[in-house]
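Remarks on the overall topology
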Amino acid sequence: MHLSISTLATLASTASAARFLLQIPTTALLNPSTLPSTTHATLQSSGPPLDAYLTRSNTFNFANVSAGSYLATVHCRDYAFEPLRIDVSLEEAIEGSGEKKEVVKAWQTFLGNEWDNKGESRGEGGNGLVIEARVVGTKYFYQERGGCKLRVGESR
């Protein structure tokens, strides 16, 4: 069986997968260099999740992501991050050429909303796209309570 070079190129492009980075920016609330080493991000769709751990450059590297729609979540002990919807698709590079390229699109999303309800855009591009994973706030495990204000020896 002989395959032409153009056929092989088409098969390689359809079999390839996208790669992108989730980056944690430095803000007034968070210096990402202080995050615990257990901080990681997941991409969840049907099937097992894709997992990536925090790198020294404060990014999560996702490679070999097949076409589909994913929920990206950053898991951290001390901070809560906004969830993201990430769509990976194959689109024609030039209309009518037959050559396909990966396109990555990201939006803010909200847990509990319908999947089609997309929030603010967080980026769009090809392989190597950098998407910001923004911190929402600090996690508090214990609630601070007001102290008791008893006054001893006070007469009425």
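Up top you'll find the structure we're talking about.
For the structure given in this document, a descriptive report is provided here. Predicted, not measured: the structure shown is a model, and the values here were computed from it.

1. Regarding the sheet that holds strand β9 (residues 121-125)
As summarised here, the arrangement of the six strands in space is β3-β2-β5-β7-β8-β9, forming an open sheet in which the pairing is antiparallel. The open sheet is flanked by β3 (50-53) and β9, the only strands paired with a single partner. The sheet shows a mean angle of 20° between the axes of neighbouring strands, taken without regard to direction. Pairing between strand β8 (residues 100-108) and β9: four bridges, direction antiparallel. In the strand pairing of β9, A106 is matched with G123.

2. Observations regarding the environment of K118
With respect to the secondary-structure elements, K118 resides in the loop between β8 and β9. Residue class for K118 comes out partly exposed when judged on its relative accessible area of 39%. Along the backbone, K118 and W107 are eleven residues apart, and their C-alpha atoms lie at a distance of 6.2 Å. When neighbours within four sequence positions are excluded, K118 is seen to be in contact with R85, D87, W107 and Q108.

3. Some details on the nonpolar core
Core analysis: the largest hydrophobic core is formed by 27 residues, its most contacted members being F20, L22, F62, F81, I86 and I131. Elements with a minimum of two residues in this core: β1 (18-23), β2 (40-44), β4 (59-65), β5 (68-75), β6 (79-81), β7 (84-92), β8 and β10 (129-132). Here I86 is in contact with F20, L22, L43, G68, S69, Y70, A72, V104, K105, A106 and I131, once residues within four sequence places are set aside.

Rules behind the numbers
Throughout, a residue's number is its position along its own chain's written sequence, starting from 1. Only residues with pLDDT of at least 70 are given local features in this predicted model, and only at 80 or more are side-chain atom pairs given and counted; all residues enter the totals for whole chains, interfaces and linings. Processing note: side-chain calculations cover all non-hydrogen atoms of the structure and skip hydrogens and water entirely. At least two DSSP bridges between two strands are needed for those strands to be called paired. Elements are defined by DSSP. Helices are runs of H or I of four residues or more, strands are runs of E of two residues or more, and each kind is numbered from the N terminus. The axes are straight lines fitted to the C-alpha atoms, using for helices just the contacting stretch, and the angles between their N-to-C directions are given from 0 to 180°. Relative accessible area decides the class of each residue, using a 1.4 Å probe on protein chains only: under 20% of the type maximum gives buried, over 50% gives exposed, and in between gives partly exposed. In this analysis, two residues are considered to be in contact whenever any of their non-hydrogen atoms come within 4.5 Å of each other. What makes a nonpolar core is a set of buried Ala, Val, Leu, Ile, Met, Phe, Trp, Tyr and Cys residues whose side-chain atoms join them at distances within 4.5 Å.

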